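Coordinates in review
What follows is each chain in one-letter form.
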Number of protein chains: 2
Amino acid sequence: MPSSSRFLAGVLGGMGPLATVDLLQKIIAATPAERDQQHVPLAVWNVPQVPDRQRALAGIGASPLPALLDGVEHLNRLDISHLIIPCNTAHHWFDELRAASRAPVLHIADATLAQVRFALDGTPSLRLGVIATHGTLAAGWYQQRLAALDVEMVLPDEQEMDNLFVPGCYAVKRGEAAAGGQRFEQLAERLAARGATHLILACTEVAPGLAAVQSHWLARSIDSTEALARHCVALWRQHMGG
Amino acid sequence: MPSSSRFLAGVLGGMGPLATVDLLQKIIAATPAERDQQHVPLAVWNVPQVPDRQRALAGIGASPLPALLDGVEHLNRLDISHLIIPCNTAHHWFDELRAASRAPVLHIADATLAQVRFALDGTPSLRLGVIATHGTLAAGWYQQRLAALDVEMVLPDEQEMDNLFVPGCYAVKRGEAAAGGQRFEQLAERLAARGATHLILACTEVAPGLAAVQSHWLARSIDSTEALARHCVALWRQHMGG
């Protein structure tokens, strides 16, 4: 935390902008507050002019790193006390962003795994379908952490990625959340047919899509955005002495 | 606009935090975008530790001005190109905030009146019920502007303010949006009984409340948050040459 002891959670957002709004909503919903002043103080860089992370990792687009570092530099100017990034794929550049940030940065997969551990208490026979970008799956952040917990997982195959996940993701980004949600639901059913009992929403576009179709899968999902929100609220309550 | 020609809309928010999220959602919904990068770049100060505006104006609480100026000072550090404030009552300190901001500040009542002019085109016999805080009503921003347009208005009486508006507003602030929405609906029915055909939602807590009860009044409302969102998107499209 910087020299000032002010609590100010920074959000490096915009990837996409709706996922950032989803995070802010989930932070508010997770905060026990009787009045405005008890809510989490947040500084939000919701600047979506970041080159496409999926295309960059596929080798067909510019690197998002300069734009991400520009966001971190601006958040540094605000003396934020913590930094969170509501985009899983952007965590490909986590080490560089952590090095540039004056505030500590939480890895979204660590926040999400804390929720998996919590869920395991109640449902020890969890089999988790992982919904994520190619980049996130290739990085293996979730697979490694789930394997360390001995949790079984079900991953999408290439056809499901190309026909369901990717088009669903880009539908949410162009404002067609329900169309995206329908694709994600179909993907969830495919993963369930191969044994998944629950899902990890390891891409922050997924929850707004599923919410737009009021999917019953939301009740059986561990959502990385919700996980960031809960972590942020826990830090705030700790700061407030609650 | 500062020396750099970067477009970056600044939001002095947190009053309440949900009203700020409502603004961000409405900006996204109002933006014609095919992908992330076409959405409005925003820097959002969503820090709700601002003394209660309504209590300050009633003479029973500390001034919010120092906290508001602190927010403006932080947004100045980011070289924002425009500033909007999604809280009507905070516009009581508009002159001081405008003087402190390096970016031009839009008055929320001006943005809202642009939408009233638009609505008058289609519905010339509009009679507008004004839903706002005591502070906003006492300042007269809306009454003066509506009078200049020869628009008839219906204002809440003291009993309606005390029994419906104020408890509704604070219900939204403590996370009970539906309870707030029920009060606002009752207030709308009272104003309608005195001749209001449409509403001006001149407090940014009102739309989230009415949305939570899926109120039919939303379709007959000119919402100050929506007005700020549309103005912001219009500036962005102008910048993009659209």
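Residues numbered from 1 in each chain as written. Chains lettered and ligands numbered in written order. Predicted model: local features only at pLDDT ≥ 70, side-chain atom pairs only at ≥ 80, totals over all residues. Heavy atoms only, no water.

**Re empty space enclosed by the protein**
Residues and elements named next belong to chain B. Evaluation of the coordinates by the stated rule reveals 5 cavities of 30 Å³ or more. Of the voids in this model, the largest cavity is the one considered here, and its volume is about 110 Å³. Lining the largest cavity are 16 residues, and of these R53, Q54, C87, T89 and K173 sit closest to its centre. Counting residues per element, the lining of the largest cavity draws most heavily on helix 8 (residues 158-173), at 3 residues. (1 Å grid on protein atoms, 1.4 Å probe; cavity = no way out; pocket = protein on both sides within 12 Å on 5 of 7 lines; lining within 4 Å. Points joined across faces, edges and corners; volume = space filled by probe spheres on them. Helix = DSSP H or I, 4+ residues; strand = E, 2+ residues; numbered from the N terminus.)

**Focus: the sheet that holds strand 3 (residues 82-84) of chain A**
On the basis of which strands lie adjacent, the open sheet formed by 6 strands has the order 3(A)-1(A)-2(A)-2(B)-1(B)-3(B) and mixed pairing. Strands at the two margins of the open sheet, each flanked by one partner only, are strand 3 of chain A together with strand 3 (82-84) of chain B. The mean inter-strand angle of the sheet, taken between neighbouring strand axes irrespective of direction, is 20°. Two strands pair when backbone bridges link them, and strand 2 (residues 42-46) of chain A and strand 2 (residues 42-46) of chain B are joined in this way by 5 bridges, in the antiparallel orientation. Its bridge partner being in strand 2 of chain B, L42 of chain A is matched across the sheet by N46 of chain B. Most of the contacts of helix 1 (residues 17-29) of chain A go to strand 2 of chain A, to which it runs at about 165°, and overall it touches strand 1 (9-12), strand 2 and strand 3 of chain A. (Pairing = 2+ DSSP bridges. Axes fitted to C-alpha atoms, helices over the stretch in contact; angles between N-to-C directions. Contact = heavy atoms within 4.5 Å.)

**Let's talk about the domain arrangement of chain A**
All names here are of chain A. Examined at the domain level, chain A breaks down into domain 1 (9-107 + 227-241) and domain 2 (108-225). Taken together, the contact between domain 1 and domain 2 spans 25 residues of the former and 27 residues of the latter. Run the count over domain 1 and domain 2 and you get 1 salt bridge. At the surface where domain 1 touches domain 2, the tally comes to 19 residue pairs in polar contact (both at pLDDT 80 or more). Elements with a minimum of two residues in the side of domain 1 that touches domain 2: helix 1, helix 2 (53-57) and helix 11 (224-239). Top contributing element to the side of domain 1 that touches domain 2 by residue count: helix 1, with 5 residues. Of the residues contributing to the side of domain 1 that touches domain 2, the split by class is 12 nonpolar, 7 polar and 6 charged. (Domains from an automatic or database assignment. Salt bridge = Lys/Arg side-chain N within 4 Å of Asp/Glu carboxyl O. Polar contact = N/O pair within 3.5 Å; in protein donor to acceptor, adjacent residues only side chain to side chain. Nonpolar A, V, L, I, M, F, W, Y, C, P; charged D, E, K, R; others polar.)

**Considerations on the packing of helix 5 (residues 108-122) of chain B against helix 11 (residues 224-239) of chain B**
Residue and element names in this part refer to chain B. Helix 11 packs onto helix 5 with a crossing angle of 90° between their chain directions and a minimal axis gap of 8 Å. For the element pair helix 5 / helix 11, the angle class is roughly perpendicular. From helix 5, I108, A111, T112 and Q115 reach across to helix 11, where they touch S224, A227, L228, R230 and H231. (Parallel < 35°, antiparallel > 145°, perpendicular 65-115°, else oblique.)

**A short note on the sheet that holds strand 4 (residues 127-131) of chain A**
In sheet architecture, strand pairing relies on hydrogen bonds along the backbone and comes in two forms, parallel and antiparallel. Residue and element names in this part refer to chain A. Overall, parallel pairing links the 4 strands, which are arranged 5-4-6-7 in an open sheet. Either end of the sheet is taken by a strand with one partner, and the two such strands are strand 5 (152-154) and strand 7 (221-223). Across the sheet, the mean angle from the axis of one strand to that of its neighbour is 30°, orientation sign disregarded. In terms of strand pairing, strand 4 meets strand 5 through 3 bridges, oriented parallel. Across the sheet, R127 pairs through a bridge with E152, a residue of strand 5. Helix 9 (residues 177-193) rests against strand 4, strand 5 and strand 6 (198-201) of the sheet, and its axis sits at about 145° to strand 4. The strands touched by helix 11 within the sheet are strand 6 and strand 7, with strand 7 carrying the most contacts at an inclination of about 55°.

**Here we look at the pairing of strand 6 (residues 198-201) of chain B**
All names here are of chain B. Residues H198 and I200 line one face of strand 6 and the alternating positions L199 and L201 line the opposite face, and both faces are buried. Judged from the 4 bridges that link them, strand 4 (residues 127-131) and strand 6 form a sheet pairing that is parallel. The partner of G129 across the bridge, within strand 6, is L199. Where strand 6 lies against strand 7 (residues 221-223), 3 bridges are found, and the strand directions are parallel. In the sheet register, L199 faces strand 7, and the bridge partner there is S221. In this fold, strand 6 hands off to helix 10 (residues 206-212), which returns the chain to strand 7; that crossover is right-handed. (Buried < 20%, exposed > 50% of the residue type's maximum accessible area, 1.4 Å probe, protein only. Right-handed = clockwise from strand over helix to strand, strands pointing away.)

**Describing helix 8 (residues 158-173) of chain A**
Residues and elements named next belong to chain A. Relative to the 22 Å expected for 16 residues at 1.5 Å per residue, helix 8 spans 21 Å between its end C-alpha atoms, a close match to the ideal helical length. When the local axis directions of helix 8 are compared, the greatest deviation, roughly 30°, occurs at F165, which is followed within four positions by the proline P167. Looking at helix 8, one finds that the buried residues are E160, M161, L164, F165, V166, G168, C169, A171, V172 and K173. Residues of helix 8 that are buried in the fold lie against helix 1, helix 2, strand 4, helix 6 (134-139), helix 9 and helix 10 (206-212). If you check the start of helix 8, you find a side-chain oxygen 3.2 Å away from the backbone N of Q159, and it comes from D157. Looking one or two residues beyond helix 8, the residue adopting positive phi is G175, at roughly 90°. (Expected span 1.5 Å × (residues − 1). Bend = angle between axes of the 7 residues up to and from the residue.)

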